[in-house]
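# Examination of the molecular architecture
Read off the chains here:
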Amino acid sequence: MTTQKRVLVTGGAGYIGSHTVVELIENGYECVIVDNLCNSSYDSVARLEILTKHHIPFYKVDLCDHDGLEKVFQEHNIDSVIHFAGLKAVGESTQIPLTYYHNNILGTLVLLELMQKYHVEKFVFSSSATVYGDATRFPDMIPIPEECPLGPTNPYGQTKLGIENILRDLYNSQKDIWKVAILRYFNPIGAHPSGLIGEDPLGIPNNLLPYMAQVAVGRREKLYVFGNDYDSRDGTPIRDYIHVVDLAKGHIASLKYLDAIDQKTGICREWNLGSGTGSTVLEVYRAFCDASGIEIPYEITGRRAGDVLNLTAKPDRATKELKWKTELDVSIACKDLWKWATENPFGYQLNGISATFGTDEEEFDGRFVTIGSGSRFQATIANLGATLVDLKVDGQSVVLGYEKESQYLTPDTCYIGATIGRYANRIAHGKFALNGKDYQLTINNGVNANHGSIGSFHAKRFLGPILKNPTKDTFTAEYALIDNSEDSEFPGSLQVIVNYTLNVATKTLDIEYTAQVEVEATPINMTNHTYFNLNKLYGSDSIAGTEIKVISNKSIDVDENVIPTGKIVDREIATFDDSKPTVLGKEGPDYDYNFFVDATATPNQIDTRGNELKLVTTAYHPESNIKLEVSSTEPSYQVYTGDWLCAGFHPRQGFAVEPGRYVNAINQDKYKGSVILKPGETFGAKIQYKFS
Ligand code: UPG
């Protein structure tokens, strides 16, 4: 990291804003996003968190809300502002001009007043080539230089010009204080190469590329080309299309330019951000057909009102002064757009996915998201601990969970539904030796450290999620956690990904864990700690009546401190070979045992994801007629009948089946290999809950 300057990005959830946040973070800036979400979605921000591996504070605030915006300035030490927020549809602006003037002008005024009050004097403004109006009205103004006379032809363009004028006046009033960059964009297109963020227009897209993408994915019938009787190579109008990632980089270049200016010197200057190369509508059409491999149907129609022949930038000033120029051409933009469009055919707007707040305030990084179909199979997951909050089978909840995020943070936690890490299950006396050093974890369970002790993942907010609907029946939610060694009793900085895949048709919930460590090796063992109660439908607050069977009754023997003795014992529990299941009663039998999937094996895999997904436990309740099958790729599983359940629940209100590595493996030479993650390796594990 070169610097830790904090940039307030207004409209950061939107198309250009979100791409700029990626570049800002890559360049060592921190970001705070303010967006009223009127034409964008928080999901872009949640995805940005995973893409950038950074927490991004987010405020759902309208810039016209002075007090709401002031809170952001009070809570963060803002160094500079990049201002994207604004209404931007040319056609719409002619219908509701007052809304455009009110929103764009007033929002900017409130923002600038607060900047003045809090002495934040660096400002990058998202202007538009639209301020030039029809540059072809002059004889020699194509390509368009910054000196081209201004003359917008619609209310949207007038608001951009109005804000430019306000900025020039403000600078003139205090020339030694304000540092203002006015960036006039030409036609931004494309998407981030990751396919995670892109343009997501609400309703019918106005712009050429988003429209073509929707035709290509089958959302619209054909493209209408607005006129082929212009005086151009093929009769269609010429525009300067610029990859949104190049455009985003232009903001970093301008911010760095402002940063480099002497402290007591101000500036207010305009820069065109364009490529300098014009393309016709039909040329872009061809590039997109080539990138997608689809011959998109189109029809030539009449000219669109307000369109002009040619808007191509002269970007020389930016090249010379900002040391910036475009690097990605139209074909790359089309390829990246196609990836975004195919991987997110409905953008961020997915049916079967909803979000609620797990916190009393609207804290977006503390949300609960629900995926799936309410009447058939549905999961609710929290950012906190990437916790499974609820699971509904045919509309009936089958797990224990809370309504509020804070309830998950009680001191007598029972890890309800949580992701367990870095190290699930017990580590004897909280001690282990690794990297030539001895480590002592805080003792939190008798004489042992359990479930990662005080740094446990259940109490950490994960980044994300990335929510997707890859097929009609599947929904995925991906969370990430950066667990730095400075914040942990464990060595090494760990990057964790937790991936939930819910299949509504097969009623399966798959959980996949992966992790990588930097600098030093770490012990690792991850699992999910859901407590099941298959009979909640009948108001049961007990697991009594649940019939269970396991793959093997061979289990790790433990001493009075629950530490393995090295012996293998047979537990009294029905296996798949037995005709009758073990029936859990109100009082017993009570289990809190680590069972072997195969007692003859010596597990040493750090990544088990390539293994067969093996059924390890079945549970069935005859009253509800709900059956659960727990499968995993892991070598063992803990069966726990919840006899110490507390934190608002009763003992034996739920049972847990926790697939994972052998208990205390880090302290057993024979099994160590399965729990030591070294830099360059990947930890991996899979668990599946299936219902019928
Ligand atoms: N076009 C079609 N069919 C469509 C959409 C567009 O033929 O369905 C044509 C349109 O006639 C034009 C070209 O494609 O010739 C590009 O149109 P569009 O993508 O709508 O961009 P512009 O009209 O050039 O306007 C964009 C922004 C505007 C910004 C301007 C700066 O929408 O806000 O000021 O670029 O150049």
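Fair warning: this is a prediction, and the values are worked out from it, not measured in the lab.

## Some words on helix α7 (residues 208-216)
Taking burial as the measure, the nine residues of α7 include nine buried ones, the bulk of the element. Within α7, the full set of buried residues consists of Leu-208, Leu-209, Pro-210, Tyr-211, Met-212, Ala-213, Gln-214, Val-215 and Ala-216. Along its buried surface, α7 packs onto β7 (187-189), β8 (223-226), β10 (241-243), α9 (281-292) and α11 (330-343). Backbone geometry just downstream of α7 places Gly-218 in the positive-phi region, at approximately 90 degrees.

## Points about the pattern of salt bridges
In a structure, side chains of opposite charge can pair up when their charged atoms sit close to one another. According to the stated counting rule, one finds 41 salt bridges in the structure shown. Between Asp-592 and Arg-426 there is a salt bridge, and its shortest N-O distance comes to 3.4 Å. On the criterion of sequence distance, the pair formed by Asp-592 in strand β35 (residues 592-596) and Arg-426 in strand β21 (residues 426-427) is long-range, its members being 166 residues apart. For Arg-426, a relative accessible area of 9% gives the class buried. Between Arg-609 and Glu-512 there is a salt bridge, with the nearest N and O atoms lying 3.0 Å from each other.

## Thoughts on helix α6 (residues 155-173)
Relative to the 27 Å expected for 19 residues at 1.5 Å per residue, α6 spans 27 Å between its end C-alpha atoms, a close match to the ideal helical length. Listing the buried residues of α6 in full gives Pro-155, Tyr-156, Gly-157, Thr-159, Lys-160, Leu-161, Ile-163, Glu-164, Leu-167, Leu-170 and Tyr-171. On the buried face of α6, the contacting elements are α4 (90-95), α5 (97-117), β5 (122-128), β6 (179-185) and β11 (267-273).

## Quick notes on the nonpolar core
Of all hydrophobic cores here, the largest spans 70 residues; its most connected members are Leu-24, Leu-209, Met-212 and Phe-288. In contact with Leu-24, other than residues within four places in its own chain, are Val-7, Val-9, Tyr-29, Cys-31, Ile-82, Ile-252 and Leu-255. One finds Ala-386, Leu-391, Phe-462 and Val-597 within the second-largest nonpolar core, a separate group that totals 58 residues.

## Regarding the site of the ligand
Taken together, 20 residues surround the ligand, and among them Ser-128, Asn-187, Tyr-224, Arg-239 and Asp-307 come closest. At a separation of 2.9 Å, an oxygen atom of the ligand approaches a polar backbone atom of Leu-208. When the ligand sits alone it has 690 Å² of accessible area, and the protein chains cover 89% of it. Top element by residues in the shell around the ligand is β8. It accounts for four residues.

## A word on the sheet that holds strand β3 (residues 58-60)
Spatially, seven strands are ordered β3-β2-β1-β4-β5-β6-β11 in an open sheet, and the strand pairing comes out parallel. Edge positions in the sheet fall to β3 and β11, since each has one partner strand and no second. Averaged over all pairs of adjacent strands, the angle between strand axes in this sheet comes to 15 degrees, irrespective of strand direction. Here β5 pairs with β6 via seven bridges, running parallel. Bridging across to β6, Ser-127 finds its partner in Arg-184. Where α5 meets the sheet, it contacts β1 (6-10), β4 (80-83) and β5, and its direction lies at approximately 165 degrees from that of β5. The sheet strands contacting α6 are β5, β6 and β11, and the helix crosses β5 at an angle near 155 degrees.

## Things to note about the environment of Gln-4
Mapped onto the elements, Gln-4 comes out in the segment before β1. By relative accessible area, Gln-4 is classed as partly exposed at 42%. Through-space distance from the C-alpha of Gln-4 to that of Ile-25 is 9.3 Å; in sequence the pair is 21 residues apart. Those residues in contact with Gln-4 that lie beyond four places of it in its chain are Gly-28 and Glu-30.

## Some words on the pairing of strand β17 (residues 377-382)
Counting buried positions along β17 yields six of six residues, so the element is predominantly enclosed. Burial along β17 is two-sided: the residues Phe-377, Ala-379 and Ile-381 and Gln-378, Thr-380 and Ala-382 are all buried. Examined bridge by bridge, strand β16 (residues 367-373) and β17 share six bridges and lie antiparallel to one another. The residue of β17 that forms the bridge with Phe-368 is Ala-382. Following β16, the chain reverses through three residues before pairing antiparallel with β17.

## Notes on the packing of aromatic side chains
Evaluated as defined, the whole model comprises 26 aromatic pairs. An angle of 65 degrees between the planes, with centres 6.1 Å apart, marks the rings of Tyr-531 and Tyr-640 as edge-to-face. In this pair, Tyr-531 is assigned in the loop between β30 (527-529) and β31 (547-550) and Tyr-640 in strand β38 (residues 636-640), connecting sequence segments 109 residues apart. Look at Tyr-640 and you get buried, because its relative accessible area is 8%. Among the aromatic residues, ring-to-ring pairing joins Phe-377, Phe-532, Phe-655, Tyr-689 and Phe-691 into one connected group. Cation over ring: Arg-303 sits above Tyr-230, and NZ or CZ is 3.8 Å from the ring centre. Arg-571 extends its terminal NZ or CZ atom over the ring of Tyr-593, reaching a point 3.6 Å from the ring centre.

## So, the packing of α7 against α9
A packed helix pair is summarised by two numbers, namely the angle formed by the two axes and the spacing between the axes. At a minimum axis separation of 11 Å, α7 and α9 run at an interaxial angle of 40 degrees. On the basis of the axis angle, α7 is oblique to α9. For the crossing formed where α7 meets α9, the hand is right-handed. When α7 is examined against α9, the residues Leu-208, Leu-209, Met-212, Ala-213 and Ala-216 are found in contact with a partner set consisting of Val-281, Val-284, Tyr-285 and Phe-288.

## With respect to the environment of Asp-541
Relative to the assigned elements, Asp-541 resides in the loop between β30 and β31. Taking relative accessible area as the criterion, Asp-541 reaches 39% and is therefore assigned partly exposed. For the pair Asp-541 and Leu-400, spaced 141 residues apart in sequence, the C-alpha to C-alpha distance is 9.9 Å.

Reading guide: rules and limits
Residues numbered from 1 in each chain as written. Predicted model: local features only at pLDDT ≥ 70, side-chain atom pairs only at ≥ 80, totals over all residues. Heavy atoms only, no water. Buried < 20%, exposed > 50% of the residue type's maximum accessible area, 1.4 Å probe, protein only. Helix = DSSP H or I, 4+ residues; strand = E, 2+ residues; numbered from the N terminus. Contact = heavy atoms within 4.5 Å. Salt bridge = Lys/Arg side-chain N within 4 Å of Asp/Glu carboxyl O. Expected span 1.5 Å × (residues − 1). Core = buried A, V, L, I, M, F, W, Y, C linked by side-chain atoms within 4.5 Å. Near = heavy atom within 4 Å. Polar contact = N/O pair within 3.5 Å; in protein donor to acceptor, adjacent residues only side chain to side chain. Areas by Shrake-Rupley, 256 points an atom, 1.4 Å probe, with all protein chains shown as cover. Pairing = 2+ DSSP bridges. Axes fitted to C-alpha atoms, helices over the stretch in contact; angles between N-to-C directions. Phe/Tyr/Trp six-rings, centres within 6.5 Å; stacked < 30°, edge-to-face > 60°. Lys NZ or Arg CZ within 6 Å of the ring centre and 35° of its normal. Parallel < 35°, antiparallel > 145°, perpendicular 65-115°, else oblique. Left-handed = near helix turned anticlockwise from the far one by under 90°.

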